[in-house]
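Okay, here's what each chain looks like letter by letter:
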Amino acid sequence: MSDTWLKLVPNDVLFFRGTEPFNAGETGYVRSQFPPSPTVIQGAIRTGLLEANGVSIKDYVNRDERLQAEHPRLLELVGSPGHGFEASRKHAFAGYKPATLDLVGPFVAVGDEVLIPAPSDLARPKGAQSAGVVYLAPSDDTILSDLGRIRLIRPVTQGNGQAVETVKDAWLRLNERTLQAYLTGQELETGDLVELTVSYNRRTLEGRIDENARRRVHMEAKVGLALQEKSRTAVEGMLYYISPLRFGDDVSLLVGIRNDLGELKLPDFLALGGEGRFVSVQEAQAVRLSISRREEVQGMIDQTHRFKLTLLQPAIFAPESADAQESPDAWLPGGFSKVSHGSYDCWEGELGGIHCRLIGASISRYQEIGGWDIALKRASGTYRAVPAGSVYFFETEASGEDVLQALHNQKIGRFSQLGFGHCIIGGW
């Protein structure tokens, strides 16, 4: 069975709202997230599959008993009418079984080139943009911190002590050469990192578009006003301001479905994000994450007994309870506990069946992720997610072959069926 990959081509501006408050008197400005979270994609795909195969959303939300008999395979995939967080849980809900739809992505594509968020173990020498890319990893030095005595993340490719700065708002070109180089710690060129999202540019509207404008995502400004529900007239003082995204002609989103769809029809269009805007749907080539020289990565892990895990999508590790969402350990994969190892502290546990020690991590601030429940017509719960591009550094006695088999191009953490926790494995 092969995966089905879809190319989502925007037909208009798109708006992907985050979890910021958007109530009168609290804030009047919300920026669009980019790329959209897996929760946005799963909702659009589930709804699109239902509509493409003749199922009324009204009947689905109302749990019409005929649907189970007439569309058993479809309902097996999309699950209950709840939000994806609810539909993918392991327990049955209102007569529906948990959704089995298994998604990968979204990935950003510019033409035929796939981009991933720049991994957070990449940095640039400070003040020298043309000097190449520097790798970061845990050093042998330790420091006493609120997490205990830990090993610091420092530059490893050009000597400790060199001033570097984080690679921000950048994307890594995902091709055979760059993937192999990144996973084995080989030299990357500055040109392998690209910027994609840019601010609103008046020249775009005036027709004077520079040669790269079609390969970008532009943030635009939009002012709106609230309307009375019945009269559809403006409500005084209820202005709002958002920054939707206008996609260049060459920019699209790629989503993989790891299910056998059989005779089910694919949608031609999807409603994606806020404001009911549409994207056209085309079948696409699979995003290739296979390692061209796999033996090199295996050899590094076998020799050093170390591997790094890089998130391609946000990951949710926090347990179910609301209190756990505020826990300072929401960054920590489930099942890991703190231990002392020699002169430093680390976290020990299993990941994909591989026993390992987590030495350190390079991550940025949490990403709050929520969504909209079409059945209850309200916002779903929110979760703290570790952002895409975050890198975790492990030590293990397992073989490189076993580590790659268990974790490379796999998904970890909670709600992985929705696309969360997709990762790749390299050496360090």
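If you're wondering where the values come from, they're calculated on a predicted model, not measured in any experiment.

**Student:** Help me out: how do you make sense of the overall build of the protein chain in this one?
**Tutor:** Regarding its fold elements, the protein chain presents 10 helices and 29 strands. Here the protein chain, with 428 residues, has 48% of them falling under the buried criterion. In the protein chain, the proportion of contacts linking residues at least 24 apart, taken out of those at least 6 apart, comes to 68%. Only carbon and sulfur atoms are counted for the fraction: they give 47% of the accessible area of the protein chain, which is about 20800 Å².

**Student:** What's the story with the nonpolar core in this structure? I'm lost.
**Tutor:** Core analysis: the largest hydrophobic core is formed by 59 residues, its most contacted members being Phe107, Tyr182, Leu309, Tyr392 and Phe394. Apart from residues lying up to four places away in sequence, Tyr182 is in contact with Pro119, Asp121, Leu122, Tyr135, Leu172, Leu188, Lys308, Thr310, Val391 and Ile424. With 39 residues, the next largest nonpolar core counts Val55, Val251, Leu270 and Val281 among its residues.

**Student:** Help me understand the pattern of salt bridges, please; the structure alone is not making it clear to me.
**Tutor:** It is possible for side chains of opposite charge to pair when their charged atoms get near one another. All told, the structure shown has 14 salt bridges when counted by the stated rule. Between Glu395 and Arg151 there is a salt bridge, with the nearest N and O atoms lying 3.3 Å from each other. Here Glu395 is found in strand S27 (residues 391–396), whereas its partner Arg151 is found in strand S7 (residues 148–155), with 244 residues between them in sequence. Under the relative-accessibility criterion, Glu395 is labelled buried at 12%. Ionic contacts of the salt-bridge type, sharing partners, join the residues Asp140, Arg151, Arg357 and Glu395 into one network.

**Student:** Any chance you could explain the packing of aromatic side chains here in plain terms?
**Tutor:** To describe a pair of aromatic rings, you give the distance between the ring centres and the angle between the ring planes. Counting across every chain of the model gives 11 aromatic pairs. Ring geometry for Phe317 versus Tyr392: centroids 6.1 Å apart, planes at 90°, classification edge-to-face. Of this pair, Phe317 sits in the loop between strand S19 (306–311) and helix H9 (322–325) while Tyr392 sits in strand S27, and the two are 75 residues apart along the sequence. Here Phe317 falls in the buried class, since its relative accessible area comes to 8%.

**Student:** Help me understand a nonpolar patch on the surface in this model?
**Tutor:** On the surface, Val223, Leu225, Leu227, Leu239 and Tyr241 cluster together into a nonpolar patch covering about 480 Å² of accessible area. When contributions to the nonpolar patch are tallied by element, the ones reaching two or more residues are strand S13 (222–227) and strand S14 (234–243). Relative to the elements of secondary structure, Leu239 occurs in strand S14. The exposure class assigned to Leu239 is exposed, which follows from its relative accessible area of 60%.

**Student:** What is the right way to look at unusual backbone geometry in this model?
**Tutor:** Glycine aside, the phi torsion of most residues is negative, and most peptide linkages are trans. Going from Gly105 to Pro106, the amide bond is cis rather than trans, its omega being 15°. Note on placement: Pro106 falls in strand S3 (residues 103–110). Phi is positive for His305, which is not a glycine, with a value near 60°. Along the chain, His305 falls in the loop between helix H8 (294–304) and S19. Phi at Asn409 takes a positive value of approximately 60°, unusual for a residue other than glycine. Positionally, Asn409 belongs in the loop between helix H10 (400–407) and strand S28 (410–411).

**Student:** Would you mind showing me how to read the sheet that holds S19 here?
**Tutor:** Where strands meet in a sheet, backbone hydrogen bonds hold them as pairs that are either parallel or antiparallel. Across the sheet, seven strands lie side by side as S20-S21-S22-S27-S19-S29-S28; this open sheet has antiparallel pairing. Of all the strands in the sheet, the pair left with one neighbour each is strand S20 (337–341) and S28. Pairing of S19 with strand S29 (residues 422–426), which is carried by four bridges, proceeds in the antiparallel orientation. Within S29, the residue paired with Lys308 across the bridge is Gly426. Packed onto the sheet, H8 meets S19 and S29 and runs at close to 70° relative to S29.

Procedures and definitions
- Residues numbered from 1 in each chain as written.
- Predicted model: local features only at pLDDT ≥ 70, side-chain atom pairs only at ≥ 80, totals over all residues.
- Heavy atoms only, no water.
- Helix = DSSP H or I, 4+ residues; strand = E, 2+ residues; numbered from the N terminus.
- Buried < 20%, exposed > 50% of the residue type's maximum accessible area, 1.4 Å probe, protein only.
- Contact = heavy atoms within 4.5 Å.
- Areas by Shrake-Rupley, 256 points an atom, 1.4 Å probe, with all protein chains shown as cover.
- Core = buried A, V, L, I, M, F, W, Y, C linked by side-chain atoms within 4.5 Å.
- Salt bridge = Lys/Arg side-chain N within 4 Å of Asp/Glu carboxyl O.
- Phe/Tyr/Trp six-rings, centres within 6.5 Å; stacked < 30°, edge-to-face > 60°.
- Patch = residues over 30% accessible without salt bridge, like charges linked within 9 Å, V, L, I, M, F, W, Y side chains within 5 Å.
- Pairing = 2+ DSSP bridges.
- Axes fitted to C-alpha atoms, helices over the stretch in contact; angles between N-to-C directions.

These figures capture arrangement, not role.
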